[in-house]
Amino acid sequence: MDLTRLNKAYDPENFRKTGHELIDLLADYLAEIRDGNNIPANPWIPPTESLDYWKADLENARADSVSGLFRQILDRGVHLHHPRYMGHQISPAAPVAALAGMVNDLMNNGMGVYEMGVSGTAIEHLVIGIFARALGFDERAGGFLTSGGTLANLTALLTARSVKAAAPVWQNGGGPSYALMVSEEAHYCVDRAVRIMGWGEAGIIKIPVNDQFQMRTDQLPAHYEAARAKGLEVIAVVGSACSTSTGAFDDLEAIAGFCQSNHLWFHVDGAHGSALALSEKYRNRVAGLHLADSVVMDFHKMLMTPSVTTALIYKDGMNSFRTFSQQAQYLFDRTEEGEWYNLAKRTFECTKLMMGLKVYSILRTHGMAFFEDCVTRLCDLGQAFAGLILDSDDFDLAVKPECNIVCFRYKPGGAHAGLDALNERIRKQLLQDGTFYIVQTRLKGESWMRCTLSNPFTTPKEIGDLMEKIRLCAREISQIIS
Ligand SMILES: *Cc1c(COP(=O)(O)O)cnc(C)c1O
């Protein structure tokens, strides 16, 4: 067999050359994007146009070199490092963590078993320990990293079921009579997890929210009793810290108290906001977090880590071994202590890349204070944004922001019909224009614009410019209409 092709693909000198080109390209990109003056935050390209472009690229091998390909990817993508990026809740990756990602990808040490992830496993264990402590847990806590908040929430709820269900569900199957309680503002992945577990629609008991979009914890007892009267076995209450749409934090201490009194599992979906525990200034928003039986935290939302990197931390680390096994406790007690290093016993994934390296590389290079700086800065920006909205007669704030998520709308001349349509049109125009990237959401049946201040290099100037741009869009729209 002719090995020319294989040899060329793996040639170290080719890699060196392309790699250097790529690093130069990425460094120039970071420098260009940082002030971003003449560059859109999100150059909008409609789906079929994008598909046609890449079809043509493949057919014509238009990219003359590998770095030509990467250049096109950069030009045709969303720029999270751009100060006018205020869209979905994803971090502009810390450059050192992106380098860690490259090492990770080349080595491909899938760490399902310890032998395949000697360093990755130890690093993950250290990272989990450090962040568990930072969230307020004691040394009994334990957990692992997994692929995203969605999967982490499902995994935690499977653990909750194994620990709390009266019957051995893992062995015998069944379970349509189980249920959990969660705020109606929770991320949709909780609903999905319930249905995946086979509990059906009745298995998700949605607790209404107050005008701050927080769970009405005073309604927990009544919903709990009603569920039991219907024959449901309630397993858990899920607190949102914070909810995705508005960034509202549930009262975790109240939920913890209710769970304790009723022997329920207390899970916190802190995918976005549990990171606030790292900020001295904003820590009070997650008071009671350490009382949770399990907590999810996405490193890719507020902690500058490439996606997806998610921690699932248990107050009692031993429970993490019970997700995929409901065996009698005595079987664990003897072996567990030594089993922290075989991660696949506890994770959904079998093969899993060493995502801990991405967090660890930041921690080792910039220290824990870096994470605190980011969280504090992003929440400060949320406050600044709200201040600017409140100072403007033609804008309305949905709710006082508690972190870096801000929902607002343009409201010239006070309330009137057609505000939903106007705000939707403005947001669409912003998307097509690309100068700024923001998203939208529906709150209590109304359309609102939504920003997540994800980039610590955004300043109040960009926020003011966004508001000016929105006014301009509104004028253009009214000219088209009239
Ligand atoms: C983002 C988010 C999720 C989903 O996490 P992924 O990492 O995107 O899978 C779940 N819950 C909340 C509250 C979130 O903000």
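What this report covers is the structure whose coordinates are included nearby. Everything quoted here is computed from the prediction, not taken from an experiment.

**A word on the pattern of salt bridges**
And then number 1: Counted by the stated rule, this structure contains 24 salt bridges.
And then number 2: For Asp 191, the salt bridge identified is with Lys 206, shortest N-O distance 3.5 Å. Highlighted residues: Asp 191 in helix 9 (residues 188-196) and Lys 206 in strand 3 (residues 204-207), separated in sequence by 15 residues.
And then number 3: For Asp 191, a relative accessible area of 15% puts it in the buried group.
And then number 4: Glu 402 is paired through a salt bridge with Arg 285; the nearest N and O atoms lie 3.9 Å apart. Taken together, the residues Glu 402 in the loop between strand 8 (395-397) and strand 9 (405-410) and Arg 285 in the loop between strand 5 (265-269) and strand 6 (294-298) connect sequence positions 117 residues apart.

**Quick notes on a nonpolar patch on the surface**
And then number 1: Residues Phe 15, Ile 23, Leu 26, Leu 99, Met 102 and Leu 106 make up a contiguous nonpolar surface patch of roughly 550 Å² in combined accessible area.
And then number 2: When contributions to the nonpolar patch are tallied by element, the ones reaching two or more residues are helix 2 (12-35) and helix 5 (95-107).
And then number 3: With respect to the element layout, Phe 15 can be found in helix 2.

**Some points on the site of the ligand**
And then number 1: Taken together, 15 residues are adjacent to the ligand, and Gly 149, Thr 150, Asp 269, Asp 298 and Lys 301 come closest.
And then number 2: Gln 89 is positioned such that a nitrogen or oxygen atom in its side chain is 3.3 Å from an oxygen atom of the ligand.
And then number 3: Between His 300 and the ligand, the recorded distance is 2.9 Å, taken from a side-chain N or O atom to an oxygen atom.
And then number 4: Taking 380 Å² as the accessible area of the ligand by itself, protein coverage stands at 87%.
And then number 5: For the shell around the ligand, the elements supplying multiple residues, two or more each, are helix 7 (149-164) and helix 12 (299-302).
And then number 6: Considering only residue class, the shell around the ligand consists of 3 nonpolar, 9 polar and 3 charged.

Rules behind the numbers
- Residues numbered from 1 in each chain as written.
- Predicted model: local features only at pLDDT ≥ 70, side-chain atom pairs only at ≥ 80, totals over all residues.
- Heavy atoms only, no water.
- Salt bridge = Lys/Arg side-chain N within 4 Å of Asp/Glu carboxyl O.
- Helix = DSSP H or I, 4+ residues; strand = E, 2+ residues; numbered from the N terminus.
- Buried < 20%, exposed > 50% of the residue type's maximum accessible area, 1.4 Å probe, protein only.
- Patch = residues over 30% accessible without salt bridge, like charges linked within 9 Å, V, L, I, M, F, W, Y side chains within 5 Å.
- Areas by Shrake-Rupley, 256 points an atom, 1.4 Å probe, with all protein chains shown as cover.
- Near = heavy atom within 4 Å.
- Polar contact = N/O pair within 3.5 Å; in protein donor to acceptor, adjacent residues only side chain to side chain.
- Nonpolar A, V, L, I, M, F, W, Y, C, P; charged D, E, K, R; others polar.

Any functional reading would require information that these geometric values do not contain.
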